[in-house]
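One letter stands for each residue in the lines below.
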Amino acid sequence: MNTKNRIITFAIALAAGFWVGDAIIDSIFFSHSSLLKSSILEPSPYEIYIRLLGAAYILIPGFIVSRVVARRQQIEKSLRASESFNVSLLENAPNPIVVTNMDSSVRYVNPAFETLTGYSRAEAVGLKSPYPWWPPEMREQFESENITGERMDFHRHERRYRKKSGESFWIVISIRDVRDKDNIAFHIGNWLDITERKRMEELLKVSEQNFRSSLESQSIGCRIYDEQGNLSYANPSVAKLYGFDSVKELVNSKKKERLTAGSYRASLARSRNSAGGAPLPTRYELEIVQKDGQIRNLEAYTNRVIWDGKRQYQISYVDVTERKRSEEALIASETFNASLLDNAPNPVVVTNTDDTVRYVNPAFETLTGYSRAELIGVKPPYPWWPPGTGQQLERAAGAEGTKELNRVERCYRKKNGEMFWIILSVKTVMLKDETQFHIGNWIEITERKEMEDALRASETFNTGLLDNAPNPVGVTNMDTSVRYVNPAWEKLTGYSSAEAVGLKSPYPWWPPEMREQFESENITGERMDF
């Protein structure tokens, strides 16, 4: 009841109260007209009290009735709102909901149920068990498990059901009994679709089986431990690594006897750290003692895997004994090679992948005048590059990529400023497809370059003499082809150098009648000295 209605009700009740009060006063003073007249014109306190008492007689019960009516209307309104809210929750719930009566008949299903099963509300409401979404082969089991009945209060049971289309799906079903006082009124079932999860579980089982099969057949040794360090699995290859004929024989052996003293101590340390919450190292090395007493080097790699549905540790073992021996031989070889480099007669420079100088031999120091201490760690431009050529040589080095050069001539500068020439050859050293460093070998050719310069000067001088000779001069090759004619020859014959060079006998300057004679006189041939 709103405020306006309450005011009107109060006014009516007040007027009625006064009317009752007046009626009481009239009944008392009816026979005394003088008193009646005076009471109307000049009401006494007693008359006023009587009127107020009459108003209260009407007003108080009316007020109580109005409050009761208002409260009932408020409760009804709240109930309708609550019912509307609850229905909205059921209708818009993301999970399927089904409500069944005590006789197992379906009372209500929400839209999510219709979407999942393919059965409409009109098709589902009123159905009794066995329901059409129960697979035929499971109906007897569901009945025996008391899926329906007077009491159905249970939580999180996994069930495989069937859609209207025949497609199977999985749910987790929780059912609650709704009671009216001490009696069960109906059951509410809440479904959670876990079809995708079950599909992933099946795929995981297949994957685990395939994983187990692959471990059985692979040549790498493998063991699987749980988080407490208990052995869950070992493949045949790990038994062979230790020289045992079977996994059982390996498991029955003592760990202390299977490891060298140092590896056994390291194993105990890893176990202590793991027990303290530290993760296992992803890679470590160990030395094992085979059944026949031989020591082998292994690399171990740790991974987390799912095994038997639980997170466990997979440790894979790779036999690196031969690699270790090769590394030791390599170290000895490197010592030998370092001796060779130090005593090599030609300069040698080794640079890292970032072009910093890593090593120079004594011959390099002797040629350039720079000591090893001055050069180690130096980046381009190197101090032996002539001034002004740094950028050019650096671009050339970048264009070379892997620095694979073969007999490239370079002009460099010594520490004292003297220039010198070398033939440079560079080889890139690779290890496992990765560049390790570059080795540059120098051959000094300064003296040869000086001789070449002198020869070119001599040739220039000789050419100048021929060009300026007053007599005609012609030079021919062994095959009679003309190699050179000087200006005096061109002036005498009228043939230009371009016309003459390359011509073979008989030449156009031989008279036709004399050509046979000139040929017979062996004017051409291997020897033409006359």
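In case you missed it, the structure is sitting above this.
Residues numbered from 1 in each chain as written. Predicted model: local features only at pLDDT ≥ 70, side-chain atom pairs only at ≥ 80, totals over all residues. Heavy atoms only, no water.

Moving on, we come to the overall build of the protein. For the protein, the helix and strand inventory stands at 19 helices and 17 strands. A buried classification covers 29% of the 530 residues belonging to the protein. Taking the intrachain contacts of the protein between residues at least 6 apart in sequence as the baseline, contacts between residues at least 24 apart amount to 38%. Counting only carbon and sulfur atoms, one obtains 55% of the accessible surface of the protein, whose full area is about 33800 Å². (Helix = DSSP H or I, 4+ residues; strand = E, 2+ residues; numbered from the N terminus. Buried < 20%, exposed > 50% of the residue type's maximum accessible area, 1.4 Å probe, protein only. Contact = heavy atoms within 4.5 Å. Areas by Shrake-Rupley, 256 points an atom, 1.4 Å probe, with all protein chains shown as cover.)

Turning next to the packing of aromatic side chains. Scanning all chains against the criterion turns up 22 aromatic pairs. Arranged with centres 5.8 Å apart and planes meeting at 75°, the rings of Trp384 and Trp442 form a pair that is edge-to-face. Here Trp384 is found in the loop between helix H14 (372–375) and helix H15 (390–399), whereas its partner Trp442 is found in strand E15 (residues 434–444), with 58 residues between them in sequence. Just as Trp384 is buried, Trp442 falls in that class too. Aromatic pair Tyr507 and Trp509: ring centres 4.9 Å apart, planes at 5°, arrangement stacked. Exposure remark for Tyr507: the relative accessible area of 7% places this residue in the buried category. (Phe/Tyr/Trp six-rings, centres within 6.5 Å; stacked < 30°, edge-to-face > 60°.)

Turning to the nonpolar core, a few remarks are in order. In this structure, Phe113, Trp133, Tyr161, Ile171 and Trp191 are the most contacted members of the largest nonpolar core, which totals 18 residues. Put simply, the parts of the chain that give this core at least two residues each are strand E2 (106–109), helix H4 (111–117) and strand E4 (168–180). Among the elements that make up this core, the one with the highest residue count is E4 (four residues). Once residues lying within four places of it in the same chain are set aside, the contact partners of Ile171 are Leu116, His157, Glu158, Arg159, Tyr161, Trp191, Leu192, Asp193 and Ile194. In this structure, Val360, Tyr382, Leu405 and Leu424 belong to the second largest nonpolar core, which totals 17 residues. (Core = buried A, V, L, I, M, F, W, Y, C linked by side-chain atoms within 4.5 Å.)

Locating Tyr412 in the fold gives a position in strand E13 (residues 405–413). According to the relative accessible area criterion, Tyr412 is buried, its value standing at 4%. Expressed as a C-alpha distance, the spacing of Tyr412 and Pro383, which sit 29 residues apart in the sequence, is 9.2 Å.

Bringing the sheet that holds E13 into the picture now. Taking strand neighbours across the sheet as the criterion, the five strands line up as E12-E11-E15-E14-E13 in an open arrangement whose pairing is antiparallel. One side of each edge strand has no neighbouring strand; the edge strands of this open sheet are strand E12 (357–360) and E13. The average undirected angle you get between the axes of adjacent strands in this sheet is 30°. Here E13 pairs with strand E14 (residues 419–431) via seven bridges, running antiparallel. Opposite Val408, over in E14, you have Leu424 as the bridge partner. (Pairing = 2+ DSSP bridges. Axes fitted to C-alpha atoms, helices over the stretch in contact; angles between N-to-C directions.)

On to the pattern of salt bridges, then. Scanning the entire structure with this criterion turns up 27 salt bridges. Linking Lys164 and Glu123 is a salt bridge whose minimum nitrogen-to-oxygen distance equals 2.6 Å. Taken together, the positions of Lys164 in the loop between strand E3 (154–162) and E4 and Glu123 in helix H5 (residues 121–124) put the pair 41 residues apart, joining distant regions of the chain. We classify Glu123 as partly exposed; its relative accessible area is 33%. For Glu299, the salt bridge is made with Arg283, and the minimal N-O distance between the two is 2.7 Å. (Salt bridge = Lys/Arg side-chain N within 4 Å of Asp/Glu carboxyl O.)

Here we take up the pairing of strand E17 (residues 482–485). Summarising the sheet, strand E16 (residues 474–476) and E17 pair through three bridges and their orientation is antiparallel. For Thr476, the partnering residue across the bridge sits in E17 and is Val482.

Read from one edge to the other, the open sheet built from five strands follows the order E7-E6-E10-E9-E8, with strand pairing classed as antiparallel. One side of each edge strand has no neighbouring strand; the edge strands of this open sheet are strand E7 (231–234) and strand E8 (283–289). Pairs of neighbouring strands in the sheet enclose a mean axial angle of 30°, with direction left out of account. Taken together, the three bridges between strand E6 (residues 221–225) and E7 define a ladder with antiparallel strand orientation. Residue pairing in the sheet places Arg223 in a bridge with Ala234 of E7. Those strands touched by helix H7 (residues 195–217) are E6, E7, strand E9 (295–307) and strand E10 (310–319), and its axis lies near 170° from that of E9.

The next point concerns H7. Across its 23 residues, H7 extends 33 Å between first and last C-alpha, which sits within 8% of the 33 Å expected from 1.5 Å per residue. When we look at burial in H7, the residues that qualify are Lys198, Glu208 and Leu215. (Expected span 1.5 Å × (residues − 1).)

Of the pockets and cavities examined, the largest pocket occupies roughly 630 Å³. Looking at the largest pocket, it is lined by 25 residues, and the ones nearest its centre are Tyr225, Gly229, Lys255, Ser267 and Ser271. Among the secondary structure elements, those contributing two or more residues to the lining of the largest pocket are E6, helix H9 (247–252), helix H10 (255–258), helix H11 (261–275), E8 and E10. Sort the elements by how many residues they give to the lining of the largest pocket and H11 lands first, with five residues. (1 Å grid on protein atoms, 1.4 Å probe; cavity = no way out; pocket = protein on both sides within 12 Å on 5 of 7 lines; lining within 4 Å. Points joined across faces, edges and corners; volume = space filled by probe spheres on them.)

Okay, the pairing of E10 next. Direction of pairing for E6 relative to E10: antiparallel, over a ladder of five bridges. Within E10, the residue paired with Ile224 across the bridge is Gln314. Bridge analysis of E9 against E10 gives ten bridges, and the strand direction is antiparallel. Note on E10: the bridge partner recorded for Asn303 is Gln314.

Okay, the side chain of Ser481 next. Relative to the helices and strands, Ser481 is located in the loop between E16 and E17. Of note is the side chain of Ser481, whose polar atom sits 2.7 Å from the side chain of Asp479. Beyond its immediate sequence surroundings of up to four residues, Ser481 is in contact with Val475, Thr476, Gly502, Leu503 and Lys504. (Polar contact = N/O pair within 3.5 Å; in protein donor to acceptor, adjacent residues only side chain to side chain.)

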